[in-house]
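Here's the letter readout for the chains.
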Amino acid sequence: MDLIIILDGSDSTGIKDFEKGLKITLSLTEVFDTKIGDRLTMGRTGKIEWSYTECEKEFPFIARKNWAPNTKDKDADFSKDLISKIYNEEVKASKFNPRKIVLLEFSQYLECYLWPNFTPERDSNEFIMSIVVMVNEKFRERIPAWQSFNKNPKHFNFFLHRVLNLALDEEVDLVREQITRLVHIRIWNNILPKQREDMLSKNKKLRKFWNQTEAKAKTAKLTEEAAKMQEMEQVFLWKMIQRFKRTLDRIDDENSEIDVDDIRYCERFVQLMIDLEALLPTRRFFNAVLHSSHLLVHCLLSSFIKSEAGSLFCQLVDMLKFYARFEIDEITGLPLTHTEVATRHTDHVIQLQKAAFKYFKESMKDFYLLNVSGVDSRKALTKQFTSMSKSELYRFAEFLHLVPSVEEGDEKKTMDGMEKEYLMEALILHCERRVNQLQQLNEQPLYPTETVIWDENIVPYEHYSGEGVLALNKLNLQFLTLHDYLLRNFNLFQLESTYEIRQDLQDVLFRMKPWLHETNGNCVWGGWARMALTIDEFTIVEVAKPLVGEKSPAVVKAHLQLNIGKRMDIRGEWESLRKHDVLFLVTCRPKSAIGTRFNPRMPFKDQIEVAYVRGAEVEGMLDPHGNVIEEFEAYEKKPTVQGDVRRWRITLDPNQYRLDMENTVEKKTEDVYYTFNLVVRRDPKTNNFKAVLGTMRELLNTECVVPDWLHNLILGYGEPDQANYKKMTNVVDTVDMNDTFLDFDHVKESFDGYKVVGSEKDEKMLPPFSLSFKDLTTVEGMRSKERTVEVRPLSRVPVTPYSHKTNKNKIRFTPAQVEAIKSGMQPGLTMVVGPPGTGKTDVAVQIISNIYHNWPNQRTLIVTHSNQALNQLFEKIIALDVDERHLLRMGHGEEGLETEKDFSRYGRVNHVLKERIRLLGEVEKLARAMGEVGDVGYTCETAGHFFRYRVCRAWDEFLSSSKLDEGEGRDIVKNSFPFTAFFADIQPLFSGVNESDSRIAASCWEHISRIFSQLEEFRAFELLRNGRDRTEYLLVKEAKIIAMTCTHAALRRAQLVQLGFRYDNILMEEAAQILEVETFMPLLLQNPQDGRNRLKRWIMIGDHHQLPPVVQNVAFQKYCNMEQSLFGRFVRLGVPYVLLDRQGRARSDIASLYAWRYRALGNLPHVEAIPAFQRANAGFAFTFQLIDVPEFNKVGESQPSPYFYQNLGEAEYAVALFTYMRILGYPSEKISIITTYNGQAQLLRDVVQRRCADNPLIGMPHKISTVDKYQGQQNEYVILSLVRTNNIGHVR
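Bear in mind that the values here come from a model prediction, so they are computed numbers and not experimental data.

Analysis parameters
- Residues numbered from 1 in each chain as written.
- Predicted model: local features only at pLDDT ≥ 70, side-chain atom pairs only at ≥ 80, totals over all residues.
- Heavy atoms only, no water.
- Helix = DSSP H or I, 4+ residues; strand = E, 2+ residues; numbered from the N terminus.
- Rg over C-alpha atoms; globule rule 2.2 N^0.38 Å.
- Contact = heavy atoms within 4.5 Å.
- Areas by Shrake-Rupley, 256 points an atom, 1.4 Å probe, with all protein chains shown as cover.
- Lys, Arg positive; Asp, Glu negative; His and termini not counted.
- Charge placed at Lys NZ, Arg CZ, Asp CG, Glu CD.
- 1 Å grid on protein atoms, 1.4 Å probe; cavity = no way out; pocket = protein on both sides within 12 Å on 5 of 7 lines; lining within 4 Å.
- Points joined across faces, edges and corners; volume = space filled by probe spheres on them.
- Nonpolar A, V, L, I, M, F, W, Y, C, P; charged D, E, K, R; others polar.
- Core = buried A, V, L, I, M, F, W, Y, C linked by side-chain atoms within 4.5 Å.
- Buried < 20%, exposed > 50% of the residue type's maximum accessible area, 1.4 Å probe, protein only.
- pLDDT = per-residue confidence, 0-100.
- Expected span 1.5 Å × (residues − 1).
- Arc of directions from axis to C-beta.
- Axes fitted to C-alpha atoms, helices over the stretch in contact; angles between N-to-C directions.
- Parallel < 35°, antiparallel > 145°, perpendicular 65-115°, else oblique.
- Left-handed = near helix turned anticlockwise from the far one by under 90°.
- Pairing = 2+ DSSP bridges.
- Salt bridge = Lys/Arg side-chain N within 4 Å of Asp/Glu carboxyl O.

Caption draft 1: Up close: the overall build of the chain. A tally of helices and strands in the chain yields 49 helices and 32 strands. Expected size for 1292 residues packed as a compact globule is a radius of gyration near 33 Å; at 36 Å, the chain falls within 12% of this value. For the chain, contacts bridging at least 24 residues in sequence account for 74% of all contacts bridging at least 6. Only carbon and sulfur atoms are counted for the fraction: they give 50% of the accessible area of the chain, which is about 61,300 Å². Within the chain, the 179 negative side-chain charges are centred at a point lying 1 Å from the centre of the 169 positive side-chain charges.

As structure tokens, then:
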């Protein structure tokens, strides 16, 4: 990369020159006078925006004078009063206005002023709260929050004890060490002695641990202050729960006014309880405390939970209830089987029946004599307990150790504060039959409905600021079980899909303009939308009976009739709907009169009423006879359908259909399926959510078997390096490095710190090499510590007598790249972090090639995020010494491969069939050369017979005769070789020297053997006559290197598993851009063998500092942490990775813009040596520039539609700059224009089309794209438009 030009229409007008003549204008740079590197470290995500005119003008002055880094006029001493003033007058007085807090964060208030000056002597509430506010702001903006504390941890212990409700974060050791004291086993001193005894009696080791802990606490000699601190840690959570109960009671009190802060506190507290329950280290001992406190009972009985204002609180309590009763053994951390769950439940009910037999032997015979299933439902228990008195219920609860024992003569005092309803709910919650989690999931519809789509508590809108609580799962660093891991990802993926669906539905409905008819009250459509049509007719045609053990119908089918109009492009789009495409059936009931104008910027629900939304899947379009038109092959002709009316057969969600019919019968509601008046389709590229959700649900219903060496790591437990090859027991100490090294000196310079020993003299040390690593050898069960690499040159046996030039690696890999290749060849997990231009793809290709040649029987699966990255990787694999018959590219992006060969499934089948014909021709040629009579080359089978009974015999006779004639003179091989006529096109074949002739004969035999071995592999293609069967055989048996995108893997998992797909290694490119679950699913594309996963290697290559996975909804990004990739999570967990530390793509001064983000990122030698990297760019004063573009026609940033940002001034400037470069002679194919917003990209295309496209001297730039879509691509010259002027945008 030679040039970067950044257009930034900001408010500031000052220009600063620094760092090698960088011409830059940044509004905040002028305010705080910070270096470019410092400002870049403040990158963040989110959409908190404000106008510059609203910023408090005194903040920059105060920051510059007191703490802003790199300022000359910073002269004020530390002032505790200044902190109090800022907190009270600016932060607290503004009710924690995010605008002011963000300004303080931008000025590095925490890093440069608060924490460096914090000491116990300066402690104050304002000081503590200021730090808390700034830390929370960093969490809200998703940037590192703990760096300042890690650098200076001296007073952190004191600080945390002042703020014990600080957000939990298992990532930071500093926080974890302090927070684990609050959930230590000693918190069991708060629960009832009988409850504690029940817990300890189940585990002998636990009892021993408890006794040791108590004994240590009693004998410890602590100061009075330390003893108080220890006591406070022990009772902190218990007292917090009691305080929460009092707050909830205050909200329920009808005589007092409800305080909004109390509501927020209760919601936050329940969220804290969920967080504690959702992590095993905090859940282990706290779960018993939670149940003993009866917090759930208190919440469920509150009147607040039933009110409209308590809807979010109700959803949070449901989540807490789910995790409090999660199917896991808290002590061992093992998931409970269905049998273990049933046993625990049965024990509870039996104990209840024993209590009935003991206290109410005569009056409750019907209760204690029934089997468990007859009395364990909530309905049965409620019926039984309703007729009982409070004291009788208390005796039940006492017997089950749910409440304190009644003291003699003091029964009233003991039961004081416990109402009858309270005791009933506690007993029922303890003994009721719990809904099976999987059964509940399987009965859940996959398509969103109108109630979920427009529920802001579940699917927040774009303006979510990160401050409130949401009833959503979070993707933490750790998970309870694989079921928990998949379930959280399933829920979040479903909600993210729902958010995108809502965006599409709202866009379509605004365009369709639904109006209310003046007379008949029907819906009149005043507009038009490309992605929607009105429904002519909708009919349910089939409702199949439920399968055994299920409630919902097996299948629900319907016919949909539409008028697709006259426009050919629209007709084609609707007619091209394929099987499994998803449609949405909408019932719209407008209230607006005809002619009403809708405003997309205003809330949708206030303008358009959507009564129902139901999803459906296309089965196919119907012909005039009512039959589904199948997706025919290219040579078959589809039947034509006359007219404008088209009919489709679609399948509805059986679970949703059952729920709707139950509502119709029980609640006497209308039949939803007779009300639809609009059908909406979506872009096929973003409409595969249903298939992915189906795959995830299928995984939840199967026993997911991941490799033993990966299981704990995926859940976030154990040692971070447990899957590293150095810790694996099956490590390979000697490997063939193939063409990795160019010469012996390359080997020596690649292993710094190792002693490299060659087996031959240096002049004989020619590649390829076999390397033996002494530190990987095991002697008497111990790993050797000798850091020696033994190098042995390998002599390859020629595979053919013909001149054969193999494609070899020509890259001189750096030591870091060699370490990545070495690690990737070893079993276990390999993670490679590759900054831009460091050769990630070349490393990946070399790993694949080395595995292919070392272990030819193993199969490797390649997975990437995008088709483009997959094609780039695949093209480089094709260029190496890999037999193309072993390559397979799956998915719809194969047409993007820049090669004449077809590597799709059908393309590979055709290649095999053509190769078969060619090889059979070679067999005929061999038969003629040997004088064989008969059609031996008719099929692969006849060729096999010919090889076994004629060719092999001739070769054996030759070997025998050549051994007998050894030493009898020249031309022994030449005279006795039986296949000389076959190689008649090589003249001369033999030289007459027996030693060299023997090598040539061996290569001839290798050539012939390879012909017949390939034909033996191709024999199956003769037996399989169907094209589909052939492609499936190719996938399952023939291909050794299979490439697909992560989306394709998720969509096709069921088919791959059904086919018996097998693989031994996975390599993932762009791993940091793939969602957690889409990274996880490729691990499970095969069924386990003997209960174990056969996966041997997992290579993940990516860069977590570049773009994360794309998540549209800000709430899911910030609150749920959904944009966390598994790659990024592993890095945060401390999993070892190889950092590629030399870049060769950009000039050194351009690379310095991002080099600060990596550890010791340098340049490859050619960056400093090649003149092209040193010459100035003609017509430009600087290598990279940031240009302030003023308002154009008094307009800067604009939004033609919501969140569709454009800036015409920047677009015109960028195109003018492109034109200027073309006039100077810069090639158009070397110039790319990229921007941060889709709206600006569209505007740039329009301007370029109008100003440049028709001019042959200018033309079009190589690409106009967004930053997200341009990820992974490169060009010589880049023009970047940042768009924003009115509000601050954020650069990640």
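Caption draft 2: Spotlight on empty space enclosed by the protein. Summed over the entire model, instances satisfying the criterion amount to eight cavities of 30 Å³ or more. Forming the boundary of the second largest cavity are 14 residues, of which I274, D275, M319, L472 and K474 lie nearest the centre. Contributions of two or more residues to the lining of the second largest cavity are made by helix 14 (260–277) and helix 17 (311–324). Taken together, the residues of the lining of the second largest cavity break down into eight nonpolar, three polar and three charged.

Caption draft 3: View of the nonpolar core. Counting residues in each nonpolar core, the largest one holds 222 residues, and the members touching the most others are W188, F979, W1098 and F1130. The dominant element in this core, judged by the number of residues it contributes, is helix 26 (residues 482–512), at 15 residues. Excluding residues within four positions of it along the chain, F1130 makes contact with L713, I714, L829, M831, W1098, M1100 and V1135. If you look at the next biggest cluster of nonpolar residues, it comprises 48 residues, including V731, F813, I851 and F874.

Caption draft 4: Inspection of the confidence of the model for the chain at higher detail. For the chain, mean pLDDT is 85; residues scoring 70 or higher make up 90% of the total. Below a pLDDT of 50 lies the segment residues 10–56, which in the model reaches 132 contacts outside its immediate sequence neighbourhood of four places, other chains included. Throughout residues 165–172 the model reports pLDDT below 50, and contacts reaching past four residues in sequence, or to other chains, amount to 22 contacts.

Caption draft 5: Inspection of helix 18 (residues 338–359) at higher detail. Helix length check: helix 18, at 22 residues, gives a terminal C-alpha distance of 32 Å against a target of 32 Å (1.5 Å per residue), a fit within 8%. Buried residues of helix 18: H345, V349, L352, Q353, A355 and A356, and no others. The arc that holds the buried residues of helix 18, viewed along the axis, is 155 degrees, so those residues lie on one side. Along helix 18, exposed side chains directed more than 90 degrees from the buried face belong to T339 and K358. Buried positions along helix 18 lie against helix 19 (365–368), helix 20 (378–386), helix 21 (390–399) and helix 23 (420–431).

Caption draft 6: Structural detail: the packing of helix 32 (residues 815–825) against helix 33 (residues 840–854). Relative orientation of the contacting elements helix 32 and helix 33 amounts to 40 degrees, with a least axis distance of 9 Å. Considered as vectors, helix 32 and helix 33 are oriented oblique to each other. Helix 33 is crossed by helix 32, and the crossing has right-handed handedness. In contact with Q817, A820, I821, G824 and M825 of helix 32, helix 33 contributes V843, Q846, I847, N850, I851 and N854. Taken together, the residues of the contact of helix 32 with helix 33 sort by class into six nonpolar, five polar and no charged.

Caption draft 7: Quick peek at the environment of E763. Its place among the elements puts E763 in the loop between strand 13 (755–758) and strand 14 (769–773). With 19 residues separating them along the chain, E763 and F744 place their C-alpha atoms 9.0 Å apart.

Caption draft 8: Molecular detail of the sheet that holds strand 18 (residues 828–833). Here seven strands make up an open sheet; going across it, the order is 20-21-19-22-23-18-24 and the pairing parallel. This sheet does not close on itself; its edge strands, each paired only once, are strand 20 (887–889) and strand 24 (1138–1139).

Caption draft 9: Seen up close, the sheet that holds strand 12 (residues 734–736). If you walk across this open sheet you meet the four strands as 12-14-17-13, and the pairing is mixed. Unpaired on one side and paired on the other, strand 12 and strand 13 mark the two borders of the sheet. The average undirected angle you get between the axes of adjacent strands in this sheet is 25 degrees. By the bridge criterion, four bridges tie strand 13 to strand 17 (residues 788–793) in an arrangement that is parallel. When the sheet's bridge partners are listed, G758 is paired in strand 17 with V791.

Caption draft 10: Representation of the environment of L200 in the model. Position of L200 relative to the elements: it lies in helix 11 (residues 193–201). For L200 and W210, which are ten residues apart along the polypeptide, the C-alpha to C-alpha distance reads 8.1 Å.

Caption draft 11: Quick peek at the side chain of R488. With respect to the helices and strands, R488 occurs in helix 26. Excluding anything up to four places from it in sequence, R488 contacts A278, Y323, N473, K474, L475, N476, Q478, F479 and L480.

Caption draft 12: Layout of the pattern of salt bridges. Tallying each qualifying case throughout the model produces 57 salt bridges. A salt bridge links D708 to R1092; its shortest N-O distance comes to 2.7 Å. Separated by 384 residues along the polypeptide, D708 in helix 30 (residues 708–715) and R1092 in the loop between helix 42 (1076–1080) and strand 23 (1097–1102) bring together distant segments of the chain. The same class applies to D708 and to R1092, which are both exposed. R1019 is the partner of E941 in a salt bridge, and the nearest nitrogen-oxygen pair spans 3.5 Å. On the criterion of sequence distance, the pair formed by E941 in helix 36 (residues 940–964) and R1019 in helix 38 (residues 994–1023) is long-range, its members being 78 residues apart. Owing to a relative accessible area of 38%, E941 belongs among the partly exposed residues under this scheme. With relative accessibility at 27%, the residue R1019 sits in the partly exposed group.

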